[in-house]
Amino acid sequence: MGRKPSPAQALNDQTYNMYYNRLRDYALSMFQWEGLDDHPGVNERFLEVTMYGKGRSIWFQDETLGGLLALPVMDGGQVNVYNEPTSYKAYSTGYNKDLTPDNAVIMYGNYSRTPIDYIVRLYAQRLTQAERTMDVNIASQKTPLIVLADQAQHLTLKNAIEQYEGGEPFIFGNKSGFDKEAFQVLLTPAPYVADKIMEYKHNLWNEAMTFLGVGNAKQDKKERLVADE
């Protein structure tokens, strides 16, 4: 069994998964398909997932499974003078079929013929870094101090800090338990930059939305938007 992730690492993973899934859902909704109702063998969601993760899909007729299908594809071994494959293999769970350009057509998501999943992951990573940096910066405003003390005073000071965290107006102690000569408080002030990071994250999110073709008027624009905007 692997070691259980720390609370901080678990929160990192949860934050990344949140941003990745949100962006991925936008990516899977980029296009509106027309005419698929006439081809019940083409599953729109599976087609979107294939194009998103593979960057291409092969379309062909398979009368056994209900006419037109759109499935993931692997190239054959040979290419022509344009580096186009001369044979393909359509595949899915429990299915594979050899095809050629004579009986199948490949749909590509872009001219580079690459999936966009890696781009979405990059945006999710950067958004996660910004979000978690804000968390750390905000937390540092709450308790910017380090307490140095002998081992014998650790429990007493821990209890006092818990009372402080709980908002107690008074913290009581005795002279032996709170020997001011036996412990030292080091302030570790951190400048508050969460607002700047929030602006960066907002701009990064808008950039991701623009890449995915989602309209996003700048919400921090001070002027009133005119009707055309």
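Residues numbered from 1 in each chain as written. Predicted model: local features only at pLDDT ≥ 70, side-chain atom pairs only at ≥ 80, totals over all residues. Heavy atoms only, no water.

Asks: Where do I start with the pattern of salt bridges in this structure?
Replies: When the charged atoms of two side chains lie near each other, side chains of opposite charge can form a pair. Within the structure shown, the criterion is met by seven salt bridges. With its nearest N and O atoms 3.9 Å apart, the salt bridge here joins D62 to K97. With D62 in strand β1 (residues 56–62) and K97 in strand β5 (residues 95–99), the pair connects residues that are 35 residues apart, well separated along the chain. Accessibility expressed as a relative area gives 28% for K97, which makes it partly exposed. In this structure, R113 and E84 form a salt bridge, with 3.0 Å as the shortest nitrogen-oxygen distance. Taken as a pair, R113 in the loop between β6 (104–108) and α3 (117–142) and E84 in the loop between β3 (73–75) and β4 (88–92) lie far apart in primary sequence, 29 residues in all. With relative accessibility at 25%, the residue E84 sits in the partly exposed group. (Salt bridge = Lys/Arg side-chain N within 4 Å of Asp/Glu carboxyl O. Helix = DSSP H or I, 4+ residues; strand = E, 2+ residues; numbered from the N terminus. Buried < 20%, exposed > 50% of the residue type's maximum accessible area, 1.4 Å probe, protein only.)

Asks: What should I look at first to understand helix α5 (residues 194–211) in this one?
Replies: Residues spaced three or four apart along an α-helix point in a common direction, a consequence of the helix completing one turn every 3.6 residues. Here α5 contains 18 residues, and its C-alpha end-to-end distance of 25 Å stays within 8% of the 26 Å for a straight helix at 1.5 Å per residue. Buried residues of α5: A194, I197, K201, L204, W205, N206, A208 and M209, and no others. Buried positions along α5 lie against α1 (7–28) and α3. (Expected span 1.5 Å × (residues − 1). Contact = heavy atoms within 4.5 Å.)

Asks: In this structure, what is going on with the sheet that holds β1? I would like to understand it.
Replies: With antiparallel pairing, three strands are arranged side by side in an open sheet as β2-β1-β6. The open sheet terminates on both sides in strands that have one partner only, identified here as β2 (67–71) and β6. Strand after strand, the sheet turns through a mean of 25° between neighbouring axes, direction not considered. In the sheet, β1 pairs with β6 via five bridges, with the strands oriented antiparallel. In the sheet register, R56 faces β6, and the bridge partner there is Y108. (Pairing = 2+ DSSP bridges. Axes fitted to C-alpha atoms, helices over the stretch in contact; angles between N-to-C directions.)

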